[in-house]
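Chain by chain, the residues run as shown.
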Amino acid sequence: MAILTLKDIHKSFRDNVVLNGIDLSVNKGDIIGIVGPSGTGKSTLLRSINLLEKPEQGEITFEDINLPLPLQAKNRKKVTELRKRIGMVFQRFYLFEHKTALQNVMEGLITVQKKSKKEAEKLALEALENVGLKAWRNHYPKHLSGGQQQRVAIARTLAMKPDIILLDEPTSALDPELVTEVLTTIKGIAEQGYTMLLVSHEMDFVNKISSRVIFLDGGRIIEDGTPAEVFRHPKTDRAREFFDKMNKLKEPEFFI
Amino acid sequence: MDTKFSDYFSVKLMWSRIPHLIKKIPITLELAGLAFLVSIVVGLLIAVIRYKKVKILSPIATAFLSLMRGTPMLIQLYVAYYGIPAILRIFNSWGADIDVNLIPKMVYAFFALGLYQAAFTSETFRAALESVDKGEIEAATAMGMTYGQILRRIIVPEALENALPGICNSVIGLVKGTSLASTCGIIEITYQNQILAGRDYRYLEGYVALAIIYWVITIVLEKIFKLIEKRFRIPEQPKAVVETQNA
């Protein structure tokens, strides 16, 4: 059963066509890895799902919410409703700088979900425990490492119990040594049955956790299948070239 | 000839002037306080209009800002002092019935001071609003918060911390600016000094006493703002990790 369907999504920035007719349907429990060269619209696709970018053509259907595009003013409430149920994790974490880790996680529970302070705190602590940072609850973002900040950001999303979690290059802004802890956290969450869409350049990781991989090029989905199908037997030359190049990066002699 | 220092400057006289001047401090503070309120409200309004780039209003706010910053406060006081009654008389000539003399001089003064300061305060606010990370606003948006909620819960609390030093400057500027209100005939501490000095021609002692009073008020205000800033600031050092069995 599809919980999210994108139909013929188009999005341009000025003359630059970034999404050129995206069709995608997401089933409950899917973990979809979105890969492809830079500038092919991976992030824009993710950001179009919760309308942080406003596509000018197409249709988004999420459970009972139907949004024809371009967005009409009368549908603004529906957009807010959709955002409440779809969580997002950003490349640069975007924690609220003047709030502690705990307050960051509580914010959405109180403001959006209208929970009591006591209940919000209980849920927030659970979420922080889930990412292994309960002990750091009174730290401000600037006192946390990049990896810890990203895990708090993940907890902030998890606490809202979203139906879908969008992860936009969650490890790209991290020092290499901090990547593992965040990937481990994401893997843990993936195993809890959340529906996830993940944009990432960590091919091994995408390969490991995804149930389905899509490859974007030129604003279109040109590969769509299981990780084995897409990574090992890509149908298009474009994808094959890209994976070859990525593999070369890993060979030791490349660095000599 | 035997001249003493006290012929030119009598410390004793200076000290004796202070209690007379202090009596008028409430007027000075009232003036500064009311003008501060005007400057905060108008300044925040202008800042949000310019921050959100509101159509039509934004260029008006920018023009107002330019005018207020580009003309001396003293001139603005005179314009308000002579201009507001003139406008009211025009209204009266159209059939309104406003007694121009009933409007206290204070009103002209705190409006002129307040609007002048609002121009500067609005820039403090705007810079503070713009210092808030757009990413945080995006994260809050993605959570499903409305713009009003984001403004209230995220943008304003964060901007406030950055705006505090500027607001402190603005309060101090206003307190000192009230000395110009003496030109509108308001008897605050500066005018009081002129009255007293006019009796014995000891101007220097009076003005030094006056300077000391302004300085002390300013120091007290700075201290108060330091305390407020400290309350808002995120501590440099993290708190201890909370040890629990399963954390």
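What you see as residue numbers is a count from 1 along each chain, following the sequence as written. Following the order in which they are written, the chains are lettered starting with A and the ligands numbered starting with 1. Totals for whole chains, interfaces and linings use all residues, but because this is a predicted model, local features are given only for residues with pLDDT of at least 70 and pairs of side-chain atoms are given and counted only at 80 or more.

J.: Would you explain the overall build of chain A in this entry?
T.: Counting from the N terminus, the helices are DSSP H or I runs at least four residues long and the strands are E runs at least two residues long. Along chain A, the regular secondary structure elements total 9 helices and 10 strands. Taken along its principal axes, the extent of the C-alpha atoms in chain A is 55 × 55 × 35 Å. Within chain A, counting contacts between residues at least 6 apart in sequence, those at least 24 apart form 64% of the total. Think of it this way: build a C-beta for each residue from its backbone, and any pair within 7 Å is a contact.

J.: I would appreciate a short explanation of the overall build of chain B in the present structure.
T.: Helix and strand counts for chain B come out as 10 helices and 0 strands. For chain B, the succession of helices and strands along the chain, N to C, is α-α-α-α-α-α-α-α-α-α. Taken against the 2.2 N^0.38 rule, which gives 18 Å for 247 residues, the C-alpha radius of gyration of chain B at 24 Å runs more than 25% over that of a compact globule. Projecting the C-alpha coordinates of chain B onto the three principal axes gives extents of approximately 85 × 60 × 30 Å. Residues counted as buried form 31% of the 247 residues belonging to chain B. Intrachain contacts of chain B at a sequence separation of at least 6 include 81% that bridge at least 24 residues. The atom set for the radius of gyration is the C-alpha atoms, and the globule formula is 2.2 Å times the number of residues raised to the power 0.38. Any residue whose C-beta has 12 or fewer other C-beta atoms within 10 Å is treated as exposed, any with 20 or more as buried, and any in between as partly exposed, C-beta atoms being built from the backbone.

J.: Got a minute to help me understand the nonpolar core in this structure?
T.: Soluble globular proteins: nonpolar side chains tend toward being buried together. Connectivity within a nonpolar core runs through C-beta atoms within 7 Å, and the core itself is a set of buried Ala, Val, Leu, Ile, Met, Phe, Trp, Tyr and Cys residues. In terms of nonpolar packing, the biggest core is built from 116 residues, with I34(A), V105(A) and A155(A) touching the most fellow members. Not counting chain neighbours up to four residues away, the residues in contact with I34(A) comprise K42(A), L45(A), L46(A), L197(A), L198(A), V199(A), I214(A) and L216(A). Ranked by size, the runner-up nonpolar core spans 5 residues in total, among them L21(B), I189(B), A209(B) and I213(B).

J.: It is not clear to me how the pairing of strand 5 (residues 65-69) of chain A should be interpreted in this structure. Could you clarify?
T.: Residues and elements named next belong to chain A. Paired strands, in this sense, are two strands between which DSSP finds at least two bridges. Sheet analysis places strand 4 (residues 57-62) next to strand 5, joined by 5 bridges and oriented antiparallel. In the sheet register, E59 faces strand 5, and the bridge partner there is P68. If you look at the hairpin formed by strand 4 and strand 5, you'll find 2 residues sitting between the two strands, and E63 has a positive phi there, around 45 degrees.

J.: Looking at this structure, I do not really get the sheet that holds strand 1 (residues 2-13) of chain A. What am I missing?
T.: Backbone-to-backbone hydrogen bonds join strands into a sheet, with any given pair of strands oriented parallel or antiparallel. Residue and element names in this part refer to chain A. Spatial ordering of the open sheet is given by 2-1-4-5, a layout of 4 strands whose pairing is antiparallel. What marks the edges here is a single partner per strand, and that holds for strand 2 (16-27) and strand 5. Shown here is a sheet whose adjacent strand axes are inclined to one another by a mean of 10 degrees, direction ignored. In this fold helix 1 (residues 42-49) packs onto strand 1, strand 2 and strand 4, with an angle of close to 60 degrees to the strand it touches most, strand 2. Fitted lines through C-alpha atoms give the axes, limited to the stretch in contact for helices. The angle between two N-to-C directions lies from 0 to 180 degrees.

J.: Can you help me understand helix 6 (residues 105-131) of chain B in this one?
T.: One turn of an α-helix holds 3.6 residues; hence residues three or four places apart share an orientation. Expected helix span is given by 1.5 Å per residue-to-residue step, counting one fewer step than there are residues. In this model, helix 6 of chain B (27 residues) spans 39 Å end to end at C-alpha, consistent with the 39 Å of a helix rising 1.5 Å per residue. What is called the bend at a residue is the angle between a pair of axes, fitted to the seven residues leading up to and ending at it and to the seven starting from it. Taken as a whole, helix 6 of chain B carries its principal kink of about 30 degrees at A119(B).

J.: What is the right way to read the packing of helix 3 (residues 25-51) of chain B against helix 6 of chain B from this model?
T.: If you want to describe how two helices pack, look at the angle between their axes and the distance between the axes. Residues and elements named next belong to chain B. Between helix 3 and helix 6, the least distance of the axes is 5 Å, while the angle of their chain directions is 40 degrees. Taken together, the axis directions place helix 3 and helix 6 in an arrangement best described as oblique. When you trace helix 3 past helix 6, the crossing you get is right-handed. Among the residues forming the contact of helix 3 with helix 6, the class breakdown is 19 nonpolar, 6 polar and 3 charged. Orientation is classified from the angle alone, with under 35 degrees giving roughly parallel, over 145 giving roughly antiparallel, 65 to 115 giving roughly perpendicular, and any other angle giving oblique. Left-handed describes a crossing in which the near helix is turned anticlockwise from the far one by less than a right angle; the clockwise case is right-handed. Basically, the charged four are Asp, Glu, Lys and Arg, the nonpolar ten are Ala, Val, Leu, Ile, Met, Phe, Trp, Tyr, Cys and Pro, and anything else, Gly included, counts as polar.

J.: Is there a simple way to explain the packing of helix 2 (residues 11-22) of chain B against helix 9 (residues 189-200) of chain B in this structure?
T.: Residues and elements named next belong to chain B. For the pair helix 2 and helix 9, interaxial distance at closest approach is 9 Å and the crossing angle is 130 degrees. In terms of their interaxial angle, helix 2 and helix 9 are classed as oblique. Where helix 2 crosses over helix 9, the handedness of that crossing is right-handed. For the pair formed by helix 2 and helix 9, the contact residues are R17, H20 and L21 on the first element and I189, Q192, N193 and L196 on the second. For the contact of helix 2 with helix 9, the residue count by class is 3 nonpolar, 3 polar and 1 charged.

J.: Is there a simple way to think about the sheet that holds strand 6 (residues 86-89) of chain A in this case?
T.: All names here are of chain A. Judged by pairing direction, the sheet is mixed, and its 6 strands sit side by side in the order 6-7-8-3-9-10 without closing on themselves. Every other strand in the sheet has two partners, leaving strand 6 and strand 10 (220-225) as the edge strands with one partner each. Taking the axes of each pair of neighbouring strands and ignoring which way they run, one obtains an average angle of 20 degrees across the sheet.

J.: Where do I start with the interface of chain A and chain B in this structure?
T.: Chain A puts 27 residues into the contact, and the matching count from chain B is 26 residues. Mapped onto the side of chain A that touches chain B, the elements with two or more residues apiece are helix 2 (76-85) and helix 3 (101-111) of chain A. Tallied by class, the residues present in the side of chain A that touches chain B amount to 10 nonpolar, 8 polar and 9 charged.

J.: Looking at this structure, I do not really get the environment of L29(B). What am I missing?
T.: All names here are of chain B. One can find L29 in helix 3. For L29, a count of 16 C-beta atoms within 10 Å puts it in the partly exposed group. Between the C-alpha atom of L29 and that of I217, which follows or precedes it by 188 residues, the distance is 9.4 Å.

J.: Sorry, what's going on with the pairing of strand 1 of chain A here?
T.: Taken residue by residue, a regular strand's side chains alternate between the two faces of the sheet. Residue and element names in this part refer to chain A. Where strand 1 and strand 2 come together, 9 bridges link them in antiparallel fashion. Bridge assignment links T5 to a residue of strand 2, and that residue is S25. If you look at the hairpin formed by strand 1 and strand 2, you'll find 2 residues sitting between the two strands, and R14 has a positive phi there, around 55 degrees.

J.: Any chance you could explain unusual backbone geometry here in plain terms?
T.: Most peptide bonds are trans, and most residues other than glycine sit at a negative phi. Residues and elements named next belong to chain A. Across the junction of L69 and P70, the peptide omega takes the value 0 degrees, indicating a cis bond. Relative to the assigned elements, P70 resides in the loop between strand 5 and helix 2. Backbone geometry at F93 places phi at a positive 65 degrees, although glycine is not the residue there. In this fold, F93 is placed in the loop between strand 6 and helix 3.

J.: Help me out: how do you make sense of the confidence of the model for chain B in this one?
T.: In low-pLDDT regions, the fine details of the predicted coordinates are not to be read closely. All names here are of chain B. Each residue carries a pLDDT value, the predictor's own confidence for that position, ranging from 0 to 100. Per-chain confidence: chain B averages 89 in pLDDT, with 98% of residues scoring 70 or above. Here helix 1 (residues 5-8) stands out as the least confident element of chain B, with mean pLDDT 79; helix 7 (residues 134-143) is the most confident, with 96. Overall fold confidence (pTM) sits at 0.82, and the ipTM for the predicted complex is 0.91.

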